[in-house]
Amino acid sequence: KFDRWGSPTFLFGESYGTTRSGALAYQLQDRGMALNGVILLSSIMNYGRRQPGLDRDYLNYLPSYATTAWYHHKMANPPATVAEAAAEARAFAEGPYAAALEKGQTISKQEEDSVAQQMSALTGLSPQFIENADLRVTLSQFRKELLRDQRETIGRYDSRYTGIDPDASGDAPEFDASDVAISGGFVGTLQGYLANDLGYRTDMPYRLSASDADGFKWDFKHKAPGVRYTLNDPNTAIDLAAAMRTNPYLKVLSLNGYYDMATPFFGTEYDLDHMMLEPGQQQNLEFRYYPSGHMVYLNPDALHQM
């Protein structure tokens, strides 16, 4: 539109926008528009990992459970920093935890007890609770259980936030404390901007989510480059990898919050580290981490750093 074809060109996607950015980077380059960079904030690239029967998501969440336990003083032997807590949890997830989940129902009682004890020390959950869940604690269970003794739940978008349910029983929080804490501020600011700054007035309700619409149906089918069949659950890390291979100058920057429970940072690391890039292309991929949740910019210090 503005004849800026020679200018540096970047895509910035957040959350669902990271799924789109991976696919869009390839589609643009396939049409002759090479990018300089792609920035991914709080990423979800691969939805296939969530299929029942797969253990990848339990591994993805373990380091986020640990950083959350560290923040809420539930870690058995907490290190000095959240980065160190994340590193300890990564090592456990990639080693003993992954090996245990791989065995499924054939795991020995001795190994199950050992892994539950190690997982308890990292996450703040009791070994018995972990074993009752067959070592596979869901996000909802963790958010309800971690601070149950204090009759509090933890947030999903940002696990530093706490909420209070009508009772302390049950296996899932009734709401996301980190969502309701900010939604009023966002909606009020937007409505004031529309009416006062833009002079736009309407009786239409502002929907917080597209899923609030009647008949909402999102088509998740995806045709990834180099894949013969259509994916029912998209994995656009495949597209991003193809874009990086065909454009050796394409830089990718992954921004992550330690307390993001919607798109856990270890899952992002796994997806982007499995693009099977050559060493030269791997140098174009960087990760950054912040003491914040899904929306890093809500923490003013993290926003400045980012």
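Quick notes on the rules
Residues numbered from 1 in each chain as written. Predicted model: local features only at pLDDT ≥ 70, side-chain atom pairs only at ≥ 80, totals over all residues. Heavy atoms only, no water. Buried < 20%, exposed > 50% of the residue type's maximum accessible area, 1.4 Å probe, protein only. Helix = DSSP H or I, 4+ residues; strand = E, 2+ residues; numbered from the N terminus. Salt bridge = Lys/Arg side-chain N within 4 Å of Asp/Glu carboxyl O. Contact = heavy atoms within 4.5 Å. Polar contact = N/O pair within 3.5 Å; in protein donor to acceptor, adjacent residues only side chain to side chain. Phe/Tyr/Trp six-rings, centres within 6.5 Å; stacked < 30°, edge-to-face > 60°. Lys NZ or Arg CZ within 6 Å of the ring centre and 35° of its normal.

J.: Give me the lowdown on helix H8 (residues 237–246), citing residues and values where you can.
T.: Side chains three or four residues apart in an α-helix point the same way, a direct result of the helix having 3.6 residues per turn. Judged by how many residues are buried, H8 sits mostly within the fold: 7 of 10 residues are covered. Those residues of H8 that fall on the buried side of the exposure criterion are Ala-237, Asp-239, Leu-240, Ala-241, Ala-242, Ala-243 and Met-244.

J.: An account of the pattern of salt bridges is needed here, citing residue identities and associated values.
T.: Under the definition given, this model contains 12 salt bridges. Of the charged contacts in the structure, one is a salt bridge between Arg-90 and Glu-269, with a shortest N-O distance of 2.8 Å. Remark: Glu-269 occurs in helix H9 (residues 265–273) and Arg-90 occurs in helix H3 (residues 82–103); sequence separation between them is 179 residues. A single burial state applies to Arg-90 and to Glu-269, both of which are buried. As a salt-bridge pair, Asp-158 and Arg-160 come within 2.7 Å of each other at their nearest N and O atoms. Looking at Asp-158, the relative accessible area reads 8%, which means it is buried. Looking at Arg-160, the relative accessible area reads 23%, which means it is partly exposed. Linked through salt bridges whose partners overlap, the residues forming this network are Arg-49, Asp-57 and Asp-271.

J.: Quick one: what's the story with the environment of Ser-178, residue by residue and with numbers?
T.: Within the secondary structure layout, Ser-178 lies in helix H7 (residues 177–197). Here Ser-178 falls in the buried class, since its relative accessible area comes to 2%. Counting along the chain gives 116 residues from Ser-178 to His-294, while the straight-line C-alpha distance between them is 9.6 Å. Residue contacts for Ser-178: discarding those within four places in its chain leaves Gly-155, Arg-156, Tyr-157, Asp-158 and Tyr-161. Among the polar contacts made by the side chain of Ser-178, one reaches the main-chain amide nitrogen of Tyr-157 at a distance of 3.0 Å. Only 3.1 Å separates the side chain of Ser-178 from the backbone nitrogen of Asp-158, close enough to count as a polar contact.

J.: Explain the packing of aromatic side chains to me, and be specific about the residues and the numbers.
T.: Applying the stated criterion to the full structure yields 10 aromatic pairs. Aromatic pair Phe-265 and Tyr-289: ring centres 6.1 Å apart, planes at 85°, arrangement edge-to-face. Of the two residues, Phe-265 sits in helix H9 while Tyr-289 sits in strand S6 (residues 285–290), which places them 24 residues apart along the sequence. Look at Phe-265 and you get buried, because its relative accessible area is 0%. Feature note: the residues Tyr-16, Tyr-47, Trp-218 and Phe-220 constitute an aromatic cluster, connected by ring pairs. Note that Arg-56 overlies the ring of Tyr-270, its terminal NZ or CZ placed 3.7 Å from the centroid. Taking NZ or CZ as reference, Arg-156 lies 5.4 Å from the ring centre of Tyr-157, over its face.

J.: An account of the environment of Ala-100 is needed here, citing residue identities and associated values.
T.: Along the polypeptide, Ala-100 turns up in helix H3. Excluding its chain neighbours within four sequence positions, the residues that come into contact with Ala-100 are Ile-107, Glu-111, Val-115 and Leu-135.

J.: I'd like a description of the environment of Asp-134, backed by residues and values.
T.: Structurally, Asp-134 can be placed in the loop between helix H5 (127–132) and helix H6 (139–145). The exposure class of Asp-134 is partly exposed, given its relative accessible area of 48%. For the pair Asp-134 and Gly-104, spaced 30 residues apart in sequence, the C-alpha separation works out to 8.8 Å.

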